[in-house]
Amino acid sequence: PFGATLAKWERGVPVECGPNWSRQAILLAIERGPHISAKAPEAKEVIMEDIAYQVDTGFSEVIYWDDIKDRIPPHLKISPLAFIPQLNRRGRLILDLSFAVHRMMGKRLGPQVQKAVNETTTKLSPLEPLSELGHVLPRLLDFMADTPEEDVIMFAKIDLSDGFWRMIVTENDAWHFAYVLPDPPGHPVRLVIPHALQMGWTESPG
């Protein structure tokens, strides 16, 4: 029943992340950079490997802030990248889209300048697919029961590599999900622009 919508999403999942950010908010978000968890040496190593893979497969691109700072794309929003260690497994990268932009008062957060991406997101994600999940097995059983005994039923299971990263967004909407790489001090600021939805986004559809 959801096939027609999925066909539309092949060109990009709908995204509405609120008003464009001011230059001041963008500069403060860039100055803050990644979450402290992403700055540890072991985290940086994993992050750089993952980003290199994403760029190589076309899931993300990396740009220099200096190349766009004079002509900022209208939808550009910067959220902090965090690194989640996992026991006996490779750590995970999470984009904290629930993090608002604040002025800094020394090492403490000052007044809020910009609401978080998740807070300004308009809910567009349909709930119908989730309600369909409980009906899949009964449909399969009904299909099998209704199939003549002399017919052969063949099932296929597809394990889609990087399935979540294939939930793409349009070129314009990709700027909503940008983040700063944890490069060393003095290195030119680099931004990652994902071409896919982020797991930290409140409206990433089920």
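Residues numbered from 1 in each chain as written. Predicted model: local features only at pLDDT ≥ 70, side-chain atom pairs only at ≥ 80, totals over all residues. Heavy atoms only, no water.

Caption draft 1: Structural detail: the packing of aromatic side chains. Per the counting criterion, the structure on display carries three aromatic pairs. Judged by centre distance (6.1 Å) and plane angle (25°), the ring pair of Phe59 and Trp165 falls under stacked. A residue pair is termed long-range when its members are at least 10 positions apart, and Phe59 in the loop between helix H3 (41–57) and strand E1 (60–64) and Trp165 in the loop between helix H7 (136–146) and strand E6 (179–180) qualify at 106 residues. The burial state of Phe59 is the same as that of Trp165; both residues are buried. Pairing Phe177 with Trp201 gives two aromatic rings, centres 5.3 Å apart and planes at 70°, and the pair type is edge-to-face. Of this pair, Phe177 sits in the loop between H7 and E6 while Trp201 sits in the segment after strand E7 (190–194); the two residues are 24 residues apart in sequence, bridging distant segments of the chain. Owing to a relative accessible area of 0%, Phe177 belongs among the buried residues under this scheme. Taking the ring centre of Phe99 as reference, the NZ or CZ of Arg32 above it sits at 4.2 Å. (Phe/Tyr/Trp six-rings, centres within 6.5 Å; stacked < 30°, edge-to-face > 60°. Helix = DSSP H or I, 4+ residues; strand = E, 2+ residues; numbered from the N terminus. Buried < 20%, exposed > 50% of the residue type's maximum accessible area, 1.4 Å probe, protein only. Lys NZ or Arg CZ within 6 Å of the ring centre and 35° of its normal.)

Caption draft 2: Summary view of the pairing of strand E2 (residues 81–86). Where E2 and strand E3 (residues 89–95) come together, five bridges link them in antiparallel fashion. Within E3, the position partnered with Phe83 by the bridge is Leu93. Hairpin connection, E2 to E3: the antiparallel pair is bridged by two residues, and Asn88 has positive phi, about 60°. (Pairing = 2+ DSSP bridges.)

Caption draft 3: Expanded view of unusual backbone geometry. In this structure, Asn88 is a non-glycine residue whose phi angle is positive, near 60°. With respect to the helices, strands and loops of the structure, Asn88 is situated in the loop between E2 and E3. Look at Asp162: it is not a glycine, yet its phi comes out positive at around 55°. Following the sequence through the fold, Asp162 ends up in the loop between H7 and E6.

Caption draft 4: Quick peek at the pattern of salt bridges. Summed over all chains, the structure comprises five salt bridges. Across the salt bridge formed by Arg90 and Glu49, the nearest N and O atoms sit 2.9 Å from each other. Taken together, the residues span a long stretch of sequence, with Arg90 in strand E3 and Glu49 in helix H3 at a distance of 41 residues. Measuring nitrogen to oxygen at the nearest pair gives 2.8 Å for the salt bridge that ties Arg90 to Asp50. With Arg90 in strand E3 and Asp50 in helix H3, the pair connects residues that are 40 residues apart, well separated along the chain. Three or more residues are tied together by salt bridges with common partners; here these are Glu49, Asp50 and Arg90. (Salt bridge = Lys/Arg side-chain N within 4 Å of Asp/Glu carboxyl O.)

Caption draft 5: Region of the structure containing empty space enclosed by the protein. What the rule picks out here adds up to one cavity of 30 Å³ or more. Within this model, the largest cavity holds a volume of roughly 120 Å³. Around the largest cavity, the lining is made up of 15 residues, and of these Leu28, Ala29, Arg32, Phe99 and Val101 lie nearest the centre. Looking at the lining of the largest cavity, the elements that each hand over two or more residues are helix H2 (23–32) and strand E4 (101–105). (1 Å grid on protein atoms, 1.4 Å probe; cavity = no way out; pocket = protein on both sides within 12 Å on 5 of 7 lines; lining within 4 Å. Points joined across faces, edges and corners; volume = space filled by probe spheres on them.)

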